[in-house]
Amino acid sequence: MKHYLQRKVVFFGGKGGVGKTTTSSAFALRAADHGKKTLLVSTDPAHNLRDIFERQVGQEPTQLRENLWALEIDPHHESHRYIASVKENLRKVVSVQMMNEIERQIDIAHVSPGADESALFDRIVEIIQWIETDFDLIVFDTAPTGHTLRLLSLPELMGAWVDSMLSRRQKVMSMRETWLEEAAPAEDPIYEILTARKLKFARAREVILNAKLTAFSFVLTPERLPIAETTRALPVLQKYQVPVDTLVVNRVIPDEADGEFIRRRREQERKYLTEIEQQFSRYRIVRIPMLEQDVAGLEALDTIAGHLF
Amino acid sequence: MQGYEELFYVRYRREIRREIRNEEDLFLLLCFSEMLGLPNPVSYYTLELYPAIYERFHEWHTRMGMERSPLDDIRCC
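Everything numeric in this text was worked out from a predicted model, so none of it was measured.

Criteria and cut-off values
Residues numbered from 1 in each chain as written. Chains lettered and ligands numbered in written order. Predicted model: local features only at pLDDT ≥ 70, side-chain atom pairs only at ≥ 80, totals over all residues. Heavy atoms only, no water. Helix = DSSP H or I, 4+ residues; strand = E, 2+ residues; numbered from the N terminus. Buried < 20%, exposed > 50% of the residue type's maximum accessible area, 1.4 Å probe, protein only. Contact = heavy atoms within 4.5 Å. Areas by Shrake-Rupley, 256 points an atom, 1.4 Å probe, with all protein chains shown as cover. Expected span 1.5 Å × (residues − 1). Axes fitted to C-alpha atoms, helices over the stretch in contact; angles between N-to-C directions. Parallel < 35°, antiparallel > 145°, perpendicular 65-115°, else oblique. Nonpolar A, V, L, I, M, F, W, Y, C, P; charged D, E, K, R; others polar. Buried area = accessible area lost by both parts, 1.4 Å probe. Salt bridge = Lys/Arg side-chain N within 4 Å of Asp/Glu carboxyl O. Polar contact = N/O pair within 3.5 Å; in protein donor to acceptor, adjacent residues only side chain to side chain. Pairing = 2+ DSSP bridges. Phe/Tyr/Trp six-rings, centres within 6.5 Å; stacked < 30°, edge-to-face > 60°. Lys NZ or Arg CZ within 6 Å of the ring centre and 35° of its normal. Left-handed = near helix turned anticlockwise from the far one by under 90°.

Undergrad: With reference to specific residues and values, describe the overall build of chain B.
TA: Assigned secondary structure in chain B consists of 3 helices and 0 strands. Seen in sequence order, chain B has helices and strands lined up from the N terminus as α-α-α. Relative to its full complement of 77 residues, chain B shows a buried share of 39%. Across chain B, every contact between residues at least 6 apart in sequence was considered, and the portion connecting residues at least 24 apart equals 31%. Element-wise, carbon and sulfur atoms account for 54% of the exposed surface of chain B, whose accessible area totals about 4,800 Å².

Undergrad: Could you give an account of helix 8 (residues 224-239) of chain A, naming the residues involved and the relevant values?
TA: All names here are of chain A. When the terminal C-alpha atoms of helix 8 are compared, their 24 Å separation across 16 residues agrees well with the 22 Å that a helix rising 1.5 Å per residue should span. Three or more residues of helix 8 are buried, namely Pro 226, Ile 227, Glu 229, Thr 230, Ala 233, Leu 234 and Leu 237. Once helix 8 ends, the next one or two residues include Gln 241, with phi positive near 60 degrees.

Undergrad: How would you explain the packing of helix 8 of chain A against helix 9 (residues 260-279) of chain A if you had to name every residue and give the values?
TA: Between two packed helices, what matters for the description is the angle formed by their axes and the separation of those axes. All names here are of chain A. Contact geometry for helix 8 and helix 9: axes closest at 11 Å, N-to-C directions at 10 degrees. When the axis of helix 8 is compared with that of helix 9, the two are roughly parallel. Each of Arg 224, Ile 227 and Thr 231 in helix 8 lies in contact with helix 9, whose residues at this interface are Tyr 272, Glu 275, Ile 276 and Gln 279. Per-class residue counts for the contact of helix 8 with helix 9 are 3 nonpolar, 2 polar and 2 charged.

Undergrad: Describe the interface of chain A and chain B, naming the residues involved and giving the relevant values.
TA: With 43 residues of chain A in contact, the opposing surface of chain B contributes 34 residues. Note on chain A versus chain B: buried area summed over both sides is about 3,700 Å², and carbon and sulfur give 67% of it. Applying the counting criterion to the chain A and chain B interface returns 4 salt bridges. In this structure, A:Arg169 engages B:Glu24 in a salt bridge whose closest nitrogen and oxygen atoms are separated by 3.1 Å. In this structure, the connection of chain A to chain B is made through 8 residue pairs in polar contact (both at pLDDT 80 or more).

Undergrad: Account for the sheet that holds strand 7 (residues 244-252) of chain A, with residues named and values stated.
TA: Residue and element names in this part refer to chain A. Taken in spatial order, the 8 strands line up as 3-4-2-5-1-6-7-8 in an open sheet, and their pairing is mixed. Edge positions in the open sheet fall to strand 3 (62-65) and strand 8 (284-289), since each of these has one partner strand only. Averaged over neighbouring strand pairs, the angle between their axes works out to 25 degrees when direction is ignored. Direction of pairing for strand 7 relative to strand 8: parallel, over a ladder of 5 bridges. Across the sheet, Val 252 pairs through a bridge with Pro 289, a residue of strand 8. The strands touched by helix 1 (residues 20-33) are strand 1 (9-13), strand 2 (38-42), strand 3, strand 4 (68-72), strand 5 (137-141), strand 6 (214-220), strand 7 and strand 8; relative to strand 5, the strand with the most contacts, the crossing angle is about 170 degrees.

Undergrad: So what about the packing of aromatic side chains? Which residues, and what values?
TA: One pass over the full model with this rule turns up 12 aromatic pairs over all chains. Judged by centre distance (6.0 Å) and plane angle (40 degrees), the rings of A:Phe216 and A:Phe218 are tilted. Accessibility classification places A:Phe216 together with A:Phe218 in one group, the buried group. Through a chain of ring-to-ring contacts, the aromatic side chains of A:Tyr82, A:Phe121, A:Phe201, B:Tyr44 and B:Tyr45 assemble into a single cluster. In this structure, A:Lys37 packs its charged tip against the face of A:Trp69, placed 5.3 Å from the ring centre. Across from the ring centre of B:Phe27, 4.9 Å away, lies the NZ or CZ of A:Arg169, which sits over that ring.

Undergrad: Any details on the packing of helix 5 (residues 115-128) of chain A against helix 7 (residues 189-208) of chain A? Residues and values, ideally.
TA: Residues and elements named next belong to chain A. Contact geometry for helix 5 and helix 7: axes closest at 9 Å, N-to-C directions at 70 degrees. Here helix 5 is positioned roughly perpendicular relative to helix 7, judged by the angle of their axes. For the element pair helix 5 and helix 7, the recorded crossing hand is left-handed. Contacts between helix 5 and helix 7 involve Phe 121, Asp 122, Val 125 and Ile 128 from the former and Arg 197, Lys 200, Phe 201, Ala 204, Val 207 and Ile 208 from the latter. Of the residues in the contact of helix 5 with helix 7, the class split is 7 nonpolar, no polar and 3 charged.

See below:
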């Protein structure tokens, strides 16, 4: 996957439990060794970067070693932050008596389904912009597939919605100007807020869908369910024109493993590996052998990275 | 003659103002659609519009002859 070093943003997706965190950590570590200023981002609620790197990782970039930073997104914390800023802005325009009532309503909206997901997405969009200023490469260890796909479809949905809202604002403003001969107001806050939103999403979308800047990799294991999930996910990503080019097949039984039990497992595994090769022939396939021990610490990550590059 | 033109103009402007107001009302409706039971995929992101639309909402329901806000979720007064 050395060619991934040319990219600015790399996503690792896949079913839960197939080793996304390990793979993305190993990749980030190796990229940092190659001199890329790298940020590893975990969006998985079951944050386990701290277990792998044996270091505390926070919600802002934490430096782990030379050229390598990591952060974990906590959607709940992000939505709190957003709500707090909305309240702060309201306080400037609304009377104190009104404020109490409004706060209560905002808190209701805040717990509405989808709020955490929106917050997570918002933060990802924000982080992607950092490639322009702070990092050479950003590696995302994303949550299980369904979730990731929804994240990718949101900008499209959001863009269409904001566009229609903006065109309504424009209509009102131009009616005022043309027919009432009123000077256009110096600023329409609604128009400005919507435009800022729109630009932010549009920029992230441009990066995500640009195969020169972004790569999306799928991690799976040679087992029935991960193969099935990958089979389902790939066409959807294709539909959104997300550039997927490499599949990482993790935990392949190594050649040197012996014993009758392993021999039989390997026979079954061979079927799955063939299936993977036939079904996903248009993608590059990288294999990572099963290690003797659990992956923890830099040394084990380095071993994994050796198979990736 | 000029008085006549003036009269025409006043009525005409009133029409335009009404249309603008309708458009603004519709905008509010779209912002608060979730609370009316219409799904809004981006309701989370519309929260940040609240500071800009709160007073308009208050103006709207008083204009509609409702002394208090008709929406349970938005009690501006």
